[in-house]
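Residue strings, one per chain:
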Amino acid sequence: MHTLTDCYLRRTSQEEQQLYDHLLYCVQTESPQAIIERFRRLFITTRDYQVPEIRNALDAIVIAKNAEDNFKLVLNRCCHIPINRWQMQSTTQAAIPALVSLFAETLPPGSVYSRSARRTRQLVGQFKDSEQYLTLQRLAHVVESNLNPKLKFDRGDRTIGNLIDRYPYLYEHCLLSEDSSYEHQQTVRQIKTQIQRRFELNLSKYVTYQVRLAQTARSQQPPSRDRALQPVANPTLLSDRELGAALREFVGRVQGPYTHRDLAHNFLSQSIKTSSYRAFKDELYEYLLGSMDSQYHQLQFNDKLYDYLKNTLTRYDSQKPSEFLLLRTSSKLLNFLVVDSPQRPDHYIFVDMIANMGATPTVLLLLKIALLCRQVKPHLEKRFSILFNHYEAASGDGVPWLIKSMENVHLALSVHFGSMDVSCLKQLM
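J.: Help me understand the overall build of the protein, please; the structure alone is not making it clear to me.
T.: For the protein, the count of helices and strands is 20 helices and two strands. Structurally, the protein occupies a C-alpha span of about 75 × 70 × 35 Å along its principal axes. Split into buried and exposed, the 429 residues of the protein put 51% on the buried side. Of the contacts made within the protein by residues no fewer than 6 positions apart, 74% connect residues no fewer than 24 positions apart.

Here it is, written out as C-alpha cells:
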C-alpha cells in the first residue's frame, strides 16, 4: 500500500470542496449518462455548464498559483466520486470505462476565448500524462474485461498493459496512485476480490474437468450421452501441459510425503534452534536450492546467491534469528532475484533464471520464500508490479517470459494464499 504523502496532507480549498460536493450530489441523483455529460462540459468542451457557481469554482482552481501541481489530484478525485458509486452496481459499471475514455477527447486550448477555459483544457491535456490518469485507464480496462471476460490473448496485437485484468495481485500496486482516497482503495480491493474468486472458481472447474477426463480414459468405457463431459476452458495463458506441470510443482509432493508448504514449515521449526543469523543464512541457502535444477547450479548462480546471503545484514550475524530478520532477509532476496525498485529496474538475474530453468521453477523459488514469511507476499507482488510497469507498453510476443512468469505467480499465490479448495488439485498429482 502507498504510504502517507504530501498528497494526503494537501489542504482542500473551499472551491475544491464545492466541486466535490456538487458532483457527489449529482451522482446520487442522476444517471451515469447525465454525469458523463457534466464531465464533458466541465472538463472537455469547457462550455455551457448550467451551474454558474460550479463553473466559477473550477475557474478559481485552474488559475490558482499551484494549479500545475494540484489539478491532476483534483480531477482524479472528481473522477473517483462517480466511479466508487458506479462500481457498487453491476448495472452502472459499464459507465466507468466510458467516463475514463472521455479524456481521450481533449480539445486544443486555443479554440476558446475565456482564459480559464483555455487553462482548463491545458491542464486536462497534462492530466493525460499523469500517474493518476494511467491508473484510471488500468482500472477502466479491468472493469471492462470483468464485464466481458475473454480468455484469449493475441500476443501479437496486444500489449502487456492489456493483461492487467488477469492479475489481481497487481491491483493494489497498479490501480492506486498516491492520492487515492480510502473509498477508492476499498473499491479496488472489492474488484480484486471479485476477479480473484472468479479465477479460483474457473481453475477449480478446469481441474475437476481434467480429473474426470482422466477417470473416463482409465475406465475405457465411453460415457453415455447424458453423462458426456462438457469441456472447460483453461483459465490461464499457459498451455494445458504447462498448467498441469505448474500445479504439480506448486501443490505436489517433492520430498517423499512432503509438499513445499511442509518443507517451509519444517525449515521454520528448525531455524528456531539455529545459533546465529550467520548460520541461519547458510541453512536458508540450502533450503532454497533444494528445488533448483542442478545444471543451473553449475552456471554460477549458487555462488551469486550464497555471496548475496553472506553479505546481507552482516551486522546481525552474531544475533539469534528473529521474525524481523526473516522478513528483512526475504524482502532483500526478492529484490535480488526479481527486481530492486522502479528507480533501479535491472532484472537480469530473474531473466537469466527463467532462460536456464523455465518460468515455473523460477517462480517456485520465489514461492519458497513467500511460504517462509507470509508478510513478504505484498513485497513479492510489488516486484512484479515494477516489471509490469516497465514492460507495460511492450507487445505480448516481445516478452513471453514475463507473461509466463506472471501466470505462474498468479497460480502459486492462488493455490497457497487464496480461498480455493486445493484438495481437487491433488487429484491431478
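J.: What should I look at first to understand the packing of aromatic side chains in this one?
T.: What characterises a pair of aromatic rings is the spacing of the ring centres plus the angle enclosed by the ring planes. Within this structure, the stated rule accounts for 15 aromatic pairs. For the pair Phe39 and Phe43, a centre-to-centre distance of 5.5 Å together with 50° between the ring planes defines the contact as tilted. Of this pair, Phe39 and Phe43 are both found in helix H3 (residues 32–44), four residues apart, which corresponds to roughly one turn of the helix. Owing to a relative accessible area of 0%, Phe39 belongs among the buried residues under this scheme. Looking at Phe43, the relative accessible area reads 1%, which means it is buried. One aromatic cluster is present, built from ring pairs that chain together Phe267, Tyr277, Phe280 and Tyr287. Lys368 extends its terminal NZ or CZ atom over the ring of Tyr287, reaching a point 4.4 Å from the ring centre.

J.: Just to check I follow, could you spell out the nonpolar core for this structure?
T.: The nonpolar side chains of a soluble globular protein tend to be buried with one another. In this structure, Leu19, Phe39, Phe43, Phe250, Phe384 and Met406 are the most contacted members of the largest nonpolar core, which totals 123 residues. Looking at this core element by element, the count peaks at 10 residues for helix H19 (residues 400–417). The contact partners of Phe384, leaving out residues within four places of it in the chain, are Tyr169, Leu170, Val338, Phe350, Leu366, Ser405, Met406 and Val409.

J.: Explanation requested: unusual backbone geometry in the structure shown.
T.: In terms of backbone geometry, most residues other than glycine have negative phi values and most peptide bonds are trans. In the Ramachandran plot, Thr46 falls in the positive-phi region, its phi being about 55° despite a non-glycine side chain. When you line up the elements, Thr46 lands in the loop between H3 and helix H4 (52–63). With relative accessibility at 7%, the residue Thr46 sits in the buried group. A positive phi angle, close to 50°, is found at Leu313, a residue other than glycine. When you line up the elements, Leu313 lands in the loop between helix H14 (294–310) and helix H15 (323–337).

J.: It is not clear to me how H15 should be interpreted in this structure. Could you clarify?
T.: Along an α-helix, residues three or four positions apart point the same way, because every turn accommodates 3.6 residues. The end-to-end C-alpha separation of H15 is 21 Å, in line with the 21 Å expected for 15 residues at 1.5 Å each. Buried residues of H15: Leu325, Leu326, Thr329, Ser330, Ser331, Leu333, Leu334, Asn335, Phe336 and Leu337, and no others.

J.: For this particular structure, what's the right way to read the pattern of salt bridges?
T.: Between side chains of opposite charge, pairing is possible as soon as their charged atoms come close. Taken as a whole, this structure holds 15 salt bridges when the rule is applied. The salt bridge involving Glu172 is made with Arg189; its shortest N-O contact spans 3.6 Å. In this pair, Glu172 sits in helix H9 (residues 171–174) while Arg189 sits in helix H10 (residues 182–219), placing the two residues 17 residues apart along the sequence. A residue is classified by how much of its surface remains accessible, and Glu172, at 16% relative accessible area, is buried.

J.: Help me out: how do you make sense of the packing of H3 against helix H5 (residues 67–86) in this one?
T.: The geometry of a pair of packed helices is captured by two quantities: the angle between their axes and the separation between those axes. For the pair H3 and H5, interaxial distance at closest approach is 11 Å and the crossing angle is 170°. The angle between H3 and H5 places the two elements in the roughly antiparallel class. Taking contact as the criterion, the partners of Pro32, Ile35, Ile36, Phe39 and Phe43 in H3 are, on H5, Phe71, Leu75, Cys78, Cys79, Pro82 and Trp86. Looking at the contact of H3 with H5, its residues break down into 11 nonpolar, no polar and no charged.

J.: Please explain the side chain of Lys281 as it appears in this structure.
T.: Note that Lys281 resides in helix H13 (residues 277–289). A polar side-chain atom of Lys281 sits 3.2 Å from the main-chain carbonyl oxygen of Lys310. Here Thr312 takes part through its backbone oxygen, which lies 2.7 Å from a polar atom of the side chain of Lys281. Those residues within four positions of Lys281 in sequence are excluded, and the remaining contacts are Leu309, Lys310, Thr312, Thr314 and Asp317.

J.: Just checking my understanding: could you explain the packing of helix H17 (residues 359–372) against H19 for this structure?
T.: Between H17 and H19, whose axes approach to 9 Å, the crossing angle comes to 40°. Like other packed secondary-structure pairs, H17 and H19 cross with a definite hand, here right-handed. Contact with H17, carried on its side by Ala359, Thr360, Val363, Leu367, Ala370 and Leu371, involves Lys404, Ser405, Asn408, Val409, Ala412, His416 and Phe417 of H19 and no other residues of that element. Of the residues assigned to the contact of H17 with H19, the class counts are eight nonpolar, four polar and one charged.

J.: In this structure, what is going on with the confidence of the model for the protein? I would like to understand it.
T.: When pLDDT is low, close inspection of the predicted coordinates is not appropriate. In the predicted model, the protein carries a mean pLDDT of 89, and the fraction of residues at 70 or more is 90%. The low-confidence segment residues 1–9, where pLDDT is below 50, has 18 contacts with residues more than four positions distant or belonging to other chains.

J.: Whenever I open this one, the side chain of Arg138 confuses me. Can you help?
T.: The residue Arg138 is located in helix H8 (residues 131–147) in this model. Arg138 sits in the buried class, given a relative accessible area of 6%. Among the polar contacts made by the side chain of Arg138, one reaches the side chain of Asn389 at a distance of 2.8 Å. If sequence neighbours within four positions are ignored, Arg138 has contacts with Ile164, Cys174, Leu175, Phe388, Asn389 and Glu392.

J.: Can you help me understand the state of the cysteines in this one?
T.: Disulfide: a covalent bond connecting the sulfur atoms of a pair of cysteines. Counted by the stated rule, this structure contains zero disulfides. In this model Cys78 remains outside any disulfide bridge; the closest cysteine sulfur is found in Cys79, 6.9 Å from its own.

J.: Which parts of the structure should I look at to understand helix H11 (residues 240–251)?
T.: The terminal C-alpha atoms of H11 lie 16 Å apart, and with 12 residues this matches the ideal 16 Å at 1.5 Å per residue to within 8%. Taken together, the buried positions of H11 are occupied by Leu243, Gly244, Ala246, Leu247, Phe250 and Val251. Across the axial projection of H11, the buried residues extend over an arc of 165°, all falling on one side.

J.: How do you make sense of the environment of Asn84 when you look at a structure like this?
T.: As for its position among the elements, Asn84 is in helix H5. Once the C-alpha coordinates of Asn84 and His184 are considered, the two residues, 100 residues apart in sequence, prove to be 6.2 Å apart. Setting aside residues no more than four positions away along its own chain, Asn84 makes contact with Ser181, Glu183, His184 and Thr187.

Rules used throughout
Residue positions are given per chain, counting from 1 as you read along its sequence in written order. pLDDT decides what is reported in this predicted model: residues at 70 or higher carry local features, side-chain atom pairs at 80 or more are listed and counted, and totals for whole chains, interfaces and linings draw on all residues regardless. Only heavy atoms go into the side-chain values, all of them from the structure, while hydrogens and water stay out. Secondary structure counts use DSSP, requiring at least four H or I residues in a row for a helix and at least two E residues in a row for a strand, with both numbered from the N terminus. Three labels apply to residues, based on accessible area from a 1.4 Å probe with only protein chains included: buried if under 20% of the type maximum, exposed if over 50%, partly exposed otherwise in between. Any two residues having at least one pair of non-hydrogen atoms within 4.5 Å are treated as being in contact. Note on aromatic pairs: the rings of Phe, Tyr and Trp (six-membered ring only in Trp) are paired at centre separations within 6.5 Å, and the planes decide the class, stacked below 30 degrees, edge-to-face beyond 60, tilted for the rest. Two limits define a charge over a ring: the Lys NZ or Arg CZ must be within 6 Å of the ring centre, and within 35 degrees of the ring normal. To qualify as a nonpolar core, a set must consist of buried Ala, Val, Leu, Ile, Met, Phe, Trp, Tyr and Cys residues joined through side-chain atoms within 4.5 Å. In a helix, the anticipated span is given by 1.5 Å times the number of residues less one. When a carboxyl oxygen of Asp or Glu lies within 4 Å of a side-chain nitrogen of Lys or Arg, that pair is called a salt bridge. To get an axis, fit a line to the C-alpha atoms, keeping to the stretch in contact for a helix; angles then go from 0 to 180 degrees between the N-to-C directions. An angle counts as roughly parallel when it lies under 35 degrees, as roughly antiparallel when it exceeds 145, as roughly perpendicular when it falls between 65 and 115, and as oblique in every other case. Only Asp, Glu, Lys and Arg are considered charged in this grouping, and only Ala, Val, Leu, Ile, Met, Phe, Trp, Tyr, Cys and Pro are considered nonpolar; every other residue, Gly among them, is considered polar. Pairs of N or O atoms are called polar contacts if they sit within 3.5 Å, as long as, within protein, a hydrogen donor faces a hydrogen acceptor (for residues adjacent in sequence, only side-chain-to-side-chain pairs). Two helices cross in a left-handed way if the nearer one is turned anticlockwise from the farther one by less than a right angle. They cross in a right-handed way if the turn is clockwise. Looking at any residue, its pLDDT shows the predictor's confidence there, from 0 to 100. Any cysteine sulfur atom paired with another within 2.5 Å is treated as part of a disulfide. Relevant arc is that of directions from the helix axis to the C-beta atoms, nothing else.

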